[in-house]
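Structural overview for review
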Amino acid sequence: MAIRRLSYRLGQEPDTGTLLLVPDAHDDPCEDANALRAVVTRVIGAGTELSYSLLPDGGRLLCAALPGRRVEALHLSADTPGPGPVWPIDTWRSAEWETDADDTLGAGFVESELPVPDAHFDRELLVTFARARADRVAPFLADVRRLFEDPAGRQIVLVEDDSETVARWIALACASLPEEYVAALTFTTWTADPRRAPQQIIGTGPDTAFDRSDDATVEYLYRVHDGTGGPESPPAEPDAWARLTAERWLAGNPPRPAPGAAARPEGPFALIPLICGGSAGGSAGAAGLAGTDTPSGTLSGAELAGLGGDSLRAVIDAFTQSVTRGEAEPRTLDELDRLCRGLDGDQALAARPLALALVKHRLDASRGRGTLPDLASFEGLPLGQEAWRELREEYGGRADDALRARLRDPMSTWTEPLRLALAVGADGGAGLAKAMDRLADALLHPERRDCPQAVQVLTELDSVAFTRRVLRLLIADFTERKLDRLRALADSPQGDWLRRNIDDAPLTVRLAAAAAHWSGPPDRLRGAELFERLTELLAGQRVEDTRTLRLLWRIVWRNDPPDRAEQPRVARTCTPRLIVEADLGRRVMGWLKEPDRCDLELVEFARAMREDGKLGAQDRDTADLLVTAQDLADGRLAVTRESAGRLRELGRKVPPLGTVLRQGVDERVGRALAGANPLDVCEHGLQILVAAGPDLLRSYRAHLIDERTRDRLVRELPGRPAELAAYYHLWRPRRRHGVSADWRDTAAELLDRALAPVLAHLDHHHLGQVATVLQREGQDVQEWTAWRHRVAQEQS
């Protein structure tokens, strides 16, 4: 292991002009001196200023062409380590090349033993240099990387106006490369004939004999980077390492490759240190992610801000592979986890594979330890639907099996197995289904000790979706027994939990809980008051469908009818028709049979009740009687043989009516017969009148002796002999069986007060017409004549 320093004077053969190196007189001869001089001659023959070359035997040669036609060279044997913290390019223009030195230096390629200038290429200088050439840094570093990763990588030709610029490009490459590659990077800062230079990076000027206009030269033979504006090689494929490294230089936070980086499993050009190692800790951050004990830096989306497309995918892929291969330590995993959560937009989409790898790593690690992962690490990760599908396929069954096995343990221990099953989406698993069934069953038995444990599990899970699913199971196969248990749950100590989650519960649960709450102090609601209060929880605050009505009915009255006094309130709240459709009409018939008043609301209720096919015959006939009477009174139904016959038939079928209902029917029938055409009444309604009770006749009489009705009769009847004859036939005195005394009195009054005033307006012609009608109808004309004369005498 040795480092030799050799000094030469530069001369030429007088005859041929060939370059000639003459050893300095102070150099001690050695057995391989001629061979070394031959190597130096070849390097200097290319016209270099500073070059660094690898020799066939593994040795290295650093040559400097100095003013005064002097050449200095350092020869490092193959077993000499180096270069340590100093790069060969750091010796550029060092004044120490001019000083005398021993030909053999100490072991090791260390800074103190190299001709390094006082102000060599520090990072601040290179940051300034890179920023001045921002668009060229990444393409150049991409080609530098290919020198080592591609065995057939092409030499890089740097065309610049001066060798100082070339030297800085080389220094930038050395500062960016992993440490072990710096010693292998060969270069020459300047040559007049790039084709003869064997180094990897070749510096030259724009006027050298190098045909850059040749397409083969710039596309296939060399990678040409021309800083003078001439032809250069087309851009290479994007390189994530080069792009990230360039971004770090331009951001003023240059990379600091950690010692031993080549031993990293992901390779010497690892991307993680470039993202995490650029904090104020510099190499400490990189070292932390490289697996040392040094604390790591901080990953952030800002470090990826300049990346997109293939470069971004390459970075994410590098992180993902590191996690997938199990090479990332806990500190690295935490940094990558924070990075994923801090991304958004396109970067978050690109990071989905990394997020999935992190979740899988934690699931696999916890499975190997027989524990459960910290599922908080799942939150905020940009997984996406496809990742969740993959997790469900790969881990859902596993998590569900683990949950099912734990269901034999006390319910209070289910929280973490449930959380894992939910996190990986084991929705269709038998374990999760069984757990939900048992939790729901525990809630429906508040008297058992499992009920508070079920509430504890649901509270600890704090999953709205899962709680909602369990609450829905409370009404599966719903029965009145379950309704009782729901109300018991609401009244139990766990009722507070139920009320806190009531907005996520099905309507049935919400109504049962509310009924339990309002039935107790301080409200103590019952019957129709409770029914109306519960409807306030419904959409539109009104019962709109039969299912909800039946549910409310069971909650408030079970199978019993409401109190008779409450039935109108119930019908108003949800409409009679809905009651019929819900098959509950029989429960409210008390309102029809014993109403407080017989008004139009009751008639419409009766009209709806007629449609209830499960009503008893007498109840339906009662409803039909009231509706028929109303339709006759309104004129919707004419007085005909059929309607009069139906009215009499219903009167015979119905049981004795209550006072209010009977009066209501009679009032409507009396009003209908009074307002109908007397011809129709004579033919079809007389039997009803002669046998009618006082309420019907009172309504009949009141309508006909009304002043407006009598005025109308006086105006109209003289010209209508048939109707006048019909009124006389209706009201003439009758003594036969079946004629009530009330009718005889009513008829006599109507003859005197309603019909007698009309006679004063009849002349002989009209009187003859009436007599003709009576004779044609087989009536007693003499009786008519006698009554007419008696009225005339009374009026004279």
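Residues numbered from 1 in each chain as written. Predicted model: local features only at pLDDT ≥ 70, side-chain atom pairs only at ≥ 80, totals over all residues. Heavy atoms only, no water.

Time to look at the packing of aromatic side chains. Considering all chains together, one arrives at 13 aromatic pairs under this definition. Here Phe 140 and Trp 169 contribute two aromatic rings whose centre-to-centre distance is 4.9 Å and whose plane-to-plane angle is 55 degrees, an arrangement assigned as tilted. Placement of the pair is Phe 140 in helix 3 (residues 134-149) and Trp 169 in helix 4 (residues 163-176), with a sequence separation of 29 residues. Of the residues examined, Phe 140 reaches a relative accessible area of 1% and is grouped as buried. When the ring centre of Trp 518 is taken as origin, the NZ or CZ atom of Arg 533, which lies over that ring, is 4.3 Å away. (Phe/Tyr/Trp six-rings, centres within 6.5 Å; stacked < 30°, edge-to-face > 60°. Helix = DSSP H or I, 4+ residues; strand = E, 2+ residues; numbered from the N terminus. Buried < 20%, exposed > 50% of the residue type's maximum accessible area, 1.4 Å probe, protein only. Lys NZ or Arg CZ within 6 Å of the ring centre and 35° of its normal.)

This part takes up helix 18 (residues 464-473). Counting along an α-helix, one turn takes 3.6 residues, and residues three or four places apart therefore face a common direction. When helix 18 is considered as a whole, its buried residues turn out to be Phe 466, Thr 467, Val 470 and Leu 471. One side of helix 18 carries all its buried residues, which in axial view fall inside an arc of 135 degrees. The secondary structure elements touched by the buried residues of helix 18 are helix 15 (415-423), helix 16 (430-443), helix 17 (450-461), helix 20 (495-500) and helix 21 (507-519). (Arc of directions from axis to C-beta. Contact = heavy atoms within 4.5 Å.)

Checked against the element boundaries, Leu 20 lands in strand 2 (residues 19-23). Counting along the chain gives 11 residues from Leu 20 to Arg 9, while the straight-line C-alpha distance between them is 8.3 Å. When near neighbours in sequence (up to four residues on either side) are disregarded, Leu 20 contacts Arg 9, Leu 10, Gly 11, Gln 12 and Glu 13.

With that settled, consider a negative patch on the surface. The grouping of Asp 211, Asp 214, Asp 215 and Glu 219 at the surface amounts to a negative patch. Mapped onto the elements of the fold, Glu 219 is located in helix 6 (residues 215-221). Overall, the relative accessible area of 36% leaves Glu 219 in the partly exposed class. (Patch = residues over 30% accessible without salt bridge, like charges linked within 9 Å, V, L, I, M, F, W, Y side chains within 5 Å. Areas by Shrake-Rupley, 256 points an atom, 1.4 Å probe, with all protein chains shown as cover. Salt bridge = Lys/Arg side-chain N within 4 Å of Asp/Glu carboxyl O. Lys, Arg positive; Asp, Glu negative; His and termini not counted. Charge placed at Lys NZ, Arg CZ, Asp CG, Glu CD.)

Right, let's talk about the environment of Ala 672 for a bit. Along the chain, Ala 672 turns up in helix 30 (residues 659-675). If near-sequence neighbours (up to four positions away) are discounted, Ala 672 is found in contact with Leu 632, Ala 633 and Val 639.

What follows is about the pattern of salt bridges. Within this structure, the stated rule accounts for 48 salt bridges. In this structure, the salt-bridge partner of Arg 406 is Asp 409, at a minimum N-O distance of 3.3 Å. For Asp 409, a relative accessible area of 32% puts it in the partly exposed group. Notably, a salt bridge pairs Glu 532 with Arg 569, separated by 2.9 Å at the nearest N-O pair. Of the two residues, Glu 532 sits in helix 22 (residues 527-535) while Arg 569 sits in helix 24 (residues 567-574), which places them 37 residues apart along the sequence. A residue is classified by how much of its surface remains accessible, and Arg 569, at 30% relative accessible area, is partly exposed. It is possible to trace a salt-bridge network through shared partners that takes in Glu 604, Arg 607, Asp 631, Asp 634 and Arg 636.

Taken N-terminus to C-terminus, the directions of helix 2 (residues 123-132) and helix 4 make an angle of 110 degrees; their axes are 10 Å apart at the nearest point. Judged on the interaxial angle alone, helix 4 and helix 2 are roughly perpendicular. Read as a crossing pair, helix 2 and helix 4 show a hand that is left-handed. Taken together, the residues of helix 4 that come into contact with helix 2 (itself represented by Arg 123, Leu 125, Leu 126, Phe 129 and Ala 130) are Thr 165, Arg 168, Trp 169, Ala 171, Leu 172 and Ala 175. In the contact of helix 2 with helix 4, the residues fall into eight nonpolar, one polar and two charged. (Axes fitted to C-alpha atoms, helices over the stretch in contact; angles between N-to-C directions. Parallel < 35°, antiparallel > 145°, perpendicular 65-115°, else oblique. Left-handed = near helix turned anticlockwise from the far one by under 90°. Nonpolar A, V, L, I, M, F, W, Y, C, P; charged D, E, K, R; others polar.)

Let's shift gears to the confidence of the model for the protein chain. Here the protein chain averages 84 in pLDDT, while 86% of its residues score no lower than 70. Across the protein chain, element-level confidence peaks in strand 7 (residues 156-159) with a mean pLDDT of 96 and bottoms out in helix 9 (residues 283-289) with 30. This model gives residues 101-112 a pLDDT under 50, and the stretch forms 30 contacts once residues within four places in sequence are excluded. When the criterion is pLDDT under 50, residues 278-298 qualifies, and its contacts beyond four places in sequence or with other chains add up to 42 contacts. (pLDDT = per-residue confidence, 0-100.)

Here the focus is the pairing of strand 9 (residues 201-204). Neither face of strand 9 is exposed, since Ile 201 and Gly 203 on one face and Ile 202 and Thr 204 on the opposite face are all buried. Alignment of strand 7 against strand 9, held across four bridges, turns out to be parallel. Across the sheet, residue Val 159 finds its bridge partner in strand 9, namely Thr 204. Sheet topology places strand 8 (residues 187-188) next to strand 9; two bridges connect them, and they run parallel. Bridge pairing in strand 9 links Phe 187 to Ile 201. (Pairing = 2+ DSSP bridges.)

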